[in-house]
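# Chains, contacts and geometry: an overview
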Amino acid sequence: MSLSYDDSASLVFINIEGQSDFDVSSAKCVRLNNPNRIYFDINNSVLIGAKQQLVFEKSNIKEIRLAQFSTEPNVVRVVVTFDEGFDTSKIKLLNVNGNIIIKADSPAFINDYFNVIYDENPALNPYSSIVAGSQVIQKTQMNTPQNFSSQNKNTSAVMNDIYKAFSSSTLNTNDGKTYDSVISIDLSSDLKLRTKYFINGYYIKNGGLLVSGLGQMTSTKVFTLDSPKRVVIDLPNTYVDKKIRNKELSICPNGGCTDVAKIGQFEYNRARIVVTTDKPEKYIPIYSADAQSMLLINADKLNHTTLVSSVANIQKAYTKKLTTKSNELILSFTTPVVHSIIRNDDYLTLYLFNVKSYNEPDLIKTFNGTAFKSMTLSLLPSIGVKAEMKIKKDDVIQVAQSVDGRAIRLTVSSVKETKPEDKKSSSDVVEPKKPPIKNKVVIDPGHGGTDYGAIREGINEKDITMDLSQRVASILKSKGYKVAMTRTEDVYVGLQDRCDYTEAENPQIFVSVHVNSAVATEPYGIETHYYHEPSKELAEVIQKHLIKNINTKDRGILKSKFYVINHTEVPAVLVETGFLSNSDERAELITEKRKQATAKAIAEGIIEYLKAHK
Ligand code: ZN
C-alpha cells in the first residue's frame, strides 16, 4: 500500500493489506555495492500505484525505495541505500499485523526536522497520525534553522548516553543497577499502525516512571485531579499495549513514598498516565531526545547528573514571527539536550537539563524586541538551565525537538489579539524611591562561573572582565569613590540578580564590563552601549576616554537593549572593551598595558561623569 516515515525518525512503515507470507525471521537480505545497498523481496505482492521512495539527506541511510520487481511472479522489492561503512546490522525488520517496519538504530535516519514533543492543540499537528500514503520528507516541510546540524562529531555518543537514561533495553544488561518494578511486553501483534506512538512498557527508573514505546510521542499539558490527589498526562494518538494497561506500579518500590502509577487507554487513540500522589504538583515530564520515551518524576528527586552525564551548551538562538499571532524560538545546542516543559497560566518554564553554559548577551540580543523578550535564563546547580518566559492564559504552546536532539523549537500562538503593554504596573509607584548614593558606582564584571562569555584560544571573557573590573574598582577607591561589584569571584550571577543587587546598593551609576566577539574574525575596536536616554551621556563620556587612551577602532556608542542596562534604574552602560574574536586584539587584550589603559579610561570616564553630576 505505502511506504511511510514516522516522525520518530527511526521507523519506516511498509503498510501491507491482505495476506503476505513475508517472514522477517527468514527474510533474505542481499547486499550490493555501487551504490551501497541491501534489498529484500516481498513475494506474492503487488505494489499499488507508482514506485515509492523516501530520501534522507543527512543520515547514514540515504534512501528507501519500494518497486514492483516482477509481475510473474508478483514480487515487490525493497531497496535500502546507505553510506559506505554503514553497519547494516543496525537495520532491524519487524513484522506487525502483516505490515513491515524497518527500524534502524539512531542515527541511521537523520533528517533536519522536528518531533513535536509537547502540544496543547495536537489536532493541528500534521503528523498527528500515521496515515497510509507515501511521504517524501521535503526540505520545505522541515523548518530547518540555518546550520544547527552538521559539524558535531560527538552527537551520537551523547545520544547514546541519553538513550541509556531513557532506554528500557538496559534493563536486561548488567549495568549494576537494579530495577525493582517492571511491566513490559515484547512488541506484540497488537500494534495499531494508525497511531503515532505505541507504548509497550513502563518501568521505575532513575526515581521516576519511565514510559517507553515505539514511534513518536507527543504529550499534552500535565494536569492534576483531586480525591484522591493525582497527576495526569495524556498522550494523543497513542496506543497502549493491552497487556500492560491499568497495571499498578509503585514509584517507590523500596519505600519512601506511596505514589502509584498506572497507564490506560483513555480513548481509542489516547493514552492516559495517572500517578496517585500526595504531591501531584511536584511531578514533571522529562522527554528523551529521540521522542520515544518520557520520564515522569517528582522534581525533588531529580538529579540530572544521574540522568545523563553529557553536557551541552546553548550555541545559538533564532526567533521568527510566523504570523501576527504566532512566534517561534529555536535554541540550538552543541550536543543533544534533555528537556522538560512546564506550563502555567501566565508563565512557561523550559528546563534544559544537561545545559551548562550559554552566552547571555547574545541570547538577550536575540530575544530583544521579539515575542520572547520576557525570557530569562538561569543556571541551577545539579539541574541545568531554567528558561522562563511570561505567557498569556490563552496562549497555545508547542515544543518540538530536532531529530538530532540538538535543537528545540518553541512556538507560542496567541488566541486573542495582543494588547499594547502596560506602561507601568501600579505597584511600581507605591514606595517613593530613595535618592541614589552620591559618588557610588556599581561595577558589573560580565559573565562568571559556568557562564564563560566569549571563549577564544583558551581565553575566557569572564576572566578579562573580572581583571578589568577589579582594576577600575581600585582606581576609583584610591580617589575616594564608593564601589560595589556584582561579583568578586569566578561565580555565576544571573542577570536579574545583578539588577537586584544594584537596586539594593543604590549607586549613582552602573557600569557593566564585557569583551566583544563575533563569528567573523575581522571586527575589532571598542563600543559602549546604553539603553535608556539618561544613560547616553555616561556612555559618551566613557567611550571618549577609552578612545583617547587606547589605539583601536572607535565603534561608537550604541543603543542596545541588554538586560542589565535595560533593567537598571540609574544611568547604566555596558562597555565592550575589544574583540576576543580578532587575533590581534585578543593578543593585546591580555597584555598588562591594554588592561591598565582600559581600566584607567573607564575610571576617568566615570569620574568625569560623577564630577558633572554632583
Ligand atoms: Zn559579555
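Let me begin by describing the structure that accompanies this report.

About the criteria used
Residues numbered from 1 in each chain as written. Predicted model: local features only at pLDDT ≥ 70, side-chain atom pairs only at ≥ 80, totals over all residues. Heavy atoms only, no water. Donors = N, O, S within 2.8 Å, 3.2 Å for Na, K, Ca; no water. Helix = DSSP H or I, 4+ residues; strand = E, 2+ residues; numbered from the N terminus. Buried < 20%, exposed > 50% of the residue type's maximum accessible area, 1.4 Å probe, protein only. Pairing = 2+ DSSP bridges. Salt bridge = Lys/Arg side-chain N within 4 Å of Asp/Glu carboxyl O. Disulfide = S-S within 2.5 Å. Core = buried A, V, L, I, M, F, W, Y, C linked by side-chain atoms within 4.5 Å. Domains from an automatic or database assignment. Contact = heavy atoms within 4.5 Å. Axes fitted to C-alpha atoms, helices over the stretch in contact; angles between N-to-C directions. Left-handed = near helix turned anticlockwise from the far one by under 90°. Nonpolar A, V, L, I, M, F, W, Y, C, P; charged D, E, K, R; others polar. Parallel < 35°, antiparallel > 145°, perpendicular 65-115°, else oblique. Polar contact = N/O pair within 3.5 Å; in protein donor to acceptor, adjacent residues only side chain to side chain.

### Notes on the coordination of the zinc ion
Coordination of the zinc ion by the protein comes from His447 (NE2), Glu461 (OE) and His514 (ND1), over a distance range of 1.9 to 2.1 Å. Ordering the donors of the zinc ion by residue number gives the pattern H-x13-E-x52-H. Taken together, the residues His447 in the loop between strand E31 (440–445) and strand E32 (455–456) and His514 in strand E35 (residues 509–516) connect sequence positions 67 residues apart. Here His447 falls in the buried class, since its relative accessible area comes to 2%.

### Some words on the sheet that holds strand E19 (residues 270–276)
Taken in spatial order, the 5 strands line up as E14-E15-E19-E18-E17 in an open sheet, and their pairing is antiparallel. Each edge of the open sheet is held by one strand with a lone partner, namely strand E14 (223–225) and strand E17 (249–250).

### Focus: the pattern of salt bridges
Across all of its chains, the model carries 18 salt bridges by this definition. Among the ionic pairs, Asp467 bridges to Arg471, the shortest N-O distance being 2.6 Å. You can see Asp467 and its partner Arg471 sitting in helix H4 (residues 461–478), 4 residues apart, about one turn around the helix. Judged by relative accessible area, which is 15%, Arg471 ranks as buried. Of the charged contacts in the structure, one is a salt bridge between Arg594 and Glu588, with a shortest N-O distance of 3.1 Å. Here the residues in one salt-bridge network are Asp467, Arg471, Glu592 and Lys595, joined through shared partners.

### Describing the state of the cysteines
Inspection of every chain in the model, using the stated rule, returns 1 disulfide. Between Cys252 and Cys257 runs a disulfide, and the two sulfur atoms are separated by 2.0 Å. Sign of the S-S torsion, about 100° for the bond between Cys252 and Cys257, identifies this disulfide as right-handed. Across the pair, Cys257 and Cys252 agree in class, each one buried.

### Here's the deal with the nonpolar core
One finds Leu209, Leu352 and Leu410 to be the most contacted residues of the largest nonpolar core, which totals 56 residues. For this core, the element with the highest residue contribution is strand E12 (residues 197–205), accounting for 4 residues. Counting residues domain by domain, this core receives three or more from each of domain 2 (197–302) and domain 3 (312–413). Within the second largest apolar cluster, 38 residues are counted, among which are Leu468, Val513, Val573 and Ala601.

### Points about the pairing of strand E7 (residues 74–82)
Of all the 9 residues making up E7, 8 are buried; the element is thus mostly covered by neighbouring parts of the structure. Bridging between strand E4 (residues 37–43) and E7 involves 7 bridges; their strand directions are antiparallel. Counterpart to Phe40 in the pairing with E7 is Val78. In this sheet, E7 lies alongside strand E6 (residues 61–71) in antiparallel orientation, the contact comprising 9 bridges. Following the sheet pairing, Thr71 is matched in E7 by Asn74. Linking E6 to E7, which pair antiparallel, is a turn of 2 residues.

### So, the side chain of His339
Assignment of secondary structure puts His339 in strand E24 (residues 339–343). With relative accessibility at 0%, the residue His339 sits in the buried group. Every residue in contact with His339, bar those within four places of it in the chain, is listed here: Ile117, Pro285, Ile286, Tyr287, Leu350, Tyr351, Leu352, Phe353, Val399, Gln401 and Ile408.

### Topic: the sheet that holds E31
Hydrogen bonds along the backbone pair up the strands of a sheet, which may run parallel or antiparallel. As summarised here, the arrangement of the 6 strands in space is E34-E31-E35-E38-E36-E37, forming an open sheet in which the pairing is mixed. In this open sheet, the two strands that pair with only one neighbour each are strand E34 (482–485) and strand E37 (554–559). Across the sheet, the mean angle separating the axes of adjacent strands is 20° when strand polarity is ignored. Bridge analysis of E35 against strand E38 (residues 572–579) gives 6 bridges, and the strand direction is parallel. Note that in E38 the partner of Val513 across the bridge is Val575. Lying on the sheet, helix H5 (residues 495–505) is in contact with E31, E34 and E35; it crosses E31 at an angle near 165°. Contacting E35, strand E36 (526–530), E37 and E38, helix H6 (residues 536–549) crosses the sheet at an angle of about 170° to E36.

### Concerning the packing of H6 against helix H9 (residues 592–612)
Direction vectors running N to C along H6 and H9 enclose 145°, while the axes themselves pass 8 Å from each other. Crossing of H6 against H9: the hand is right-handed. Touching Glu537, Leu538, Val541, Ile542, Lys544, His545, Leu546, Lys548 and Asn549 of H6 are Ala597, Thr598, Lys600, Ala601, Ile602, Glu604, Gly605, Ile606, Glu608 and Tyr609, all from H9. Taken together, the residues of the contact of H6 with H9 break down into 9 nonpolar, 4 polar and 6 charged.

### What about the packing of H4 against H9?
Two numbers describe how H4 lies on H9: the axes approach to 8 Å, and their chain directions differ by 50°. Here H9 runs oblique to H4, going by the angle between their axes. Between H4 and H9 the crossing geometry is right-handed. Contacts between H4 and H9 involve Asp467, Leu468, Arg471, Val472, Ile475 and Leu476 on the former and, on the latter, Glu592, Lys595, Gln596, Thr598, Ala599, Lys600, Ile602, Ala603, Ile606 and Ile607. Of the residues in the contact of H4 with H9, the class split is 9 nonpolar, 2 polar and 5 charged.

### Some details on the side chain of Asp119
Along the chain, the position of Asp119 falls in strand E10 (residues 114–119). Using a relative accessible area of 2% as the deciding quantity, one classes Asp119 as buried. A polar contact is formed between the side chain of Asp119 and the side chain of Gln398, at a distance of 3.2 Å.

In short, geometric facts, not functional conclusions.
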